[in-house]
Amino acid sequence: MVDVTEEMDNPTFRSDTVLSDVHLHCPNKRHLMVRLNAVGQPVFLSYFKLLWNTEDSASEKHGREATTEEHQYRSEDELCDKDRNNLKRERQLNIEGVEALLDDDGDLEVVRRPRSASDLEAEDLLRDKVYPVILMKGKEDAFEDEEQECTCSDVVKIEHTMATPLEDVGKQVWRAAFLLADYILFKRDTFRCCSVLELGGGTGITSIIMGTVAKRVYCTDVGEDLLAMCEQNVALNKHLMELGRGEVKVKELDWLKDEFCTDPEAPYSWSEEEIADLHDQCTVIMAADVFYDDDLTDALFRTLYRITHNLRNSCTIYLALEKRLNFTLRHMDVTCEAYSHFRNTLNDLENLQDRKRKYTVEPIKLDFCQFLVYERTEQLELWKIIAEQLT
């Protein structure tokens, strides 16, 4: 539902809900509602398979299909043999004479052949078997059949919401997060044993992927309900990070504040040791699909500037986003104002005269392998910023 204000000179639009289209391109995947979160929103559990080797996966799939097809043809041949025998017996009755089929009055008495087991089996082959998805609460083994098809190292399990108000979009899964995850998996050696900070981690899927190769990842966002969901996802995928001995820590980081949250009463606050570790060891900062509001974009770049100035070493920043085109009455044309503001702010950062840091910006070509199933559209972009230490 979209409302338009009465003042047409300065129109504003308000949308009740925002829906990520990641799941619209996975129609065969089941998304199980597992619970309601603290604000009453349905929380779903989805499995995302990692395509480590697409050729091997295709070969294995073809092998399974061939075996199933062979079994089906064999069963149909057996059924045909049974039906031929039945037909042969009926013809034999006809050969013996029609008289055997007449009643006392001379009328033809039709003998109906009883339904044999072969008929029932044939119907079973033609009918698609439907297994309903039962909504459950708190069951981690709800996808046992899917887990049997995939090894533990092939699947990322993510709790998320499907549609939310704009302020809760971090609870959904977005394409730019998949794009950044693809790049991490493609450049595993680049991120191996690094200390990483993610800004606006949301459901945590990118931090989880980074945790499979990096030494430590600080996954940050705001909102206790969102951070609790993120922490749950980290726990669900702990086995993936243990393979690379990585660690993901979920922390609160508000871009509108100048300091880290160190309140010991807050559930996702920072300790002094963790802040020191971030400043001493962090060499990678990343963010995915967080550029949809101009004020938040400005706040993010201020946070980037502040944090990079406190780092001991040079740092590389990766920003993934999707350009979202909209028709506006103000321009009477299709525009992408949020993206334009992002690009202007990015240029300002690169042209910044700073004696301590030099920021070099360059786009990354999207010709690397795709490890997750999603639509890699032309609107997706990935940027690399090198924050080089000058003194």
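Scroll up a little and you will see the structure.
The written sequence of each chain sets the order in which its residues are numbered from 1. With pLDDT at 70 or above as the cut-off, local features in this predicted model cover only qualifying residues; side-chain atom pairs require 80 or more to be listed or tallied, and sums for whole chains, interfaces and linings still use all residues. Hydrogens and waters are ignored; side-chain quantities use all the structure's heavy atoms.

**Thoughts on the sheet that holds strand S6 (residues 155–160)**
And then number 1: At least two DSSP bridges between two strands are required for those strands to pair. Numbered from the N terminus, helices here are DSSP runs of H or I no shorter than four residues, and strands are runs of E no shorter than two. Pairing is antiparallel across the open sheet formed by three strands, whose spatial order is S4-S5-S6. The open sheet has two free edges, formed respectively by strand S4 (32–36) and S6, since each of these has just one partner strand. Each strand of the sheet is rotated relative to its neighbour by a mean of 30°, with strand direction disregarded.
And then number 2: The criterion used for residue contact is that any of the two residues' heavy atoms lie within 4.5 Å. Between N-to-C directions, angles cover 0 to 180 degrees, with each direction set by a line fitted to C-alpha atoms, over the stretch in contact for helices. Against the sheet, helix H7 (residues 224–236) makes contact with S4, strand S5 (42–49) and S6, and its axis sits at roughly 160° relative to S6, the strand it touches most.

**Comments concerning the pattern of salt bridges**
And then number 1: Think of a salt bridge as a Lys or Arg side-chain nitrogen and an Asp or Glu carboxyl oxygen that are within 4 Å of each other. A full pass over the atoms with the stated rule returns 15 salt bridges.
And then number 2: Notably, a salt bridge pairs Glu 159 with Arg 35, separated by 2.9 Å at the nearest N-O pair. Here Arg 35 lies in strand S4 and Glu 159 lies in strand S6, a separation of 124 residues in the sequence.
And then number 3: Note that Arg 216 is salt-bridged to Asp 277, the shortest N-O span being 3.4 Å. Highlighted residues: Arg 216 in strand S9 (residues 216–221) and Asp 277 in helix H9 (residues 272–281), separated in sequence by 61 residues. The same class applies to Arg 216 and to Asp 277, which are both buried.
And then number 4: Overlapping salt bridges, with partners in common, bring together Arg 175, Asp 289, Glu 322, Arg 324 and Glu 375 in one network. In this scheme, a residue with accessible area under 20% of its type's maximum is buried, one over 50% is exposed, and one in between is partly exposed, where area comes from a 1.4 Å probe on protein chains only.

**Brief notes about the side chain of Arg 357**
And then number 1: Structurally, Arg 357 is set in strand S15 (residues 357–363).
And then number 2: In this structure Arg 357 is buried but unpaired, with Asp 354 as the nearest side chain of opposite charge at 7.4 Å.
And then number 3: One polar contact links the side chain of Arg 357 to the main-chain carbonyl oxygen of Thr 308, over a distance of 2.9 Å.
And then number 4: Identification of polar contacts relies on pairs of N or O atoms within 3.5 Å, with a donor-acceptor requirement for protein atoms, meaning one able to donate a hydrogen and the other able to accept it, and with residues adjacent in sequence counted only if both atoms are side-chain atoms. Side-chain polar atoms of Arg 357 contact the backbone oxygen of Asn 313, separated by 3.0 Å. Residues counted as positive are Lys and Arg, residues counted as negative are Asp and Glu, and His and the chain ends are not counted.

**A short note on the pairing of strand S16 (residues 380–389)**
And then number 1: As defined by bridge partners, strand S12 (residues 315–322) adjoins S16 across eight bridges and the pair is classed as antiparallel. Bridging across to S16, Leu 321 finds its partner in Glu 381.

**What to know about the environment of Val 361**
And then number 1: Take Val 361: it is sitting in strand S15.
And then number 2: For Val 361, a relative accessible area of 14% translates into the label buried.
And then number 3: When residues no more than four places from it in sequence are discounted, the contact partners of Val 361 are Leu 346, Glu 350, Trp 383, Lys 384 and Ile 385.

**Considering the packing of helix H10 (residues 294–310) against helix H11 (residues 337–350)**
A packed helix pair is summarised by two numbers, namely the angle formed by the two axes and the spacing between the axes.
And then number 1: For the pair H10 and H11, interaxial distance at closest approach is 10 Å and the crossing angle is 25°. Between H10 and H11, the crossing angle belongs to the class labelled roughly parallel. Two packed elements cross with a definite hand, and for H10 against H11 that hand is right-handed. Between H10 and H11, the residues in contact are Asp 294, Thr 297, Asp 298 and Phe 301 and Glu 337, Ala 338, His 341, Phe 342, Thr 345, Leu 346 and Leu 349, respectively.
And then number 2: Following the grouping adopted for this structure description, the nonpolar residues are Ala, Val, Leu, Ile, Met, Phe, Trp, Tyr, Cys and Pro, the charged ones are Asp, Glu, Lys and Arg, and the polar ones are all others, Gly among them. Partitioned by chemical class, the residues of the contact of H10 with H11 number five nonpolar, three polar and three charged. Each angle is binned into one of four classes, with values under 35 degrees roughly parallel, values over 145 roughly antiparallel, values of 65 to 115 roughly perpendicular, and all other values oblique. A clockwise turn of the near helix away from the far one marks a right-handed crossing, whereas an anticlockwise turn of less than a right angle marks a left-handed crossing.

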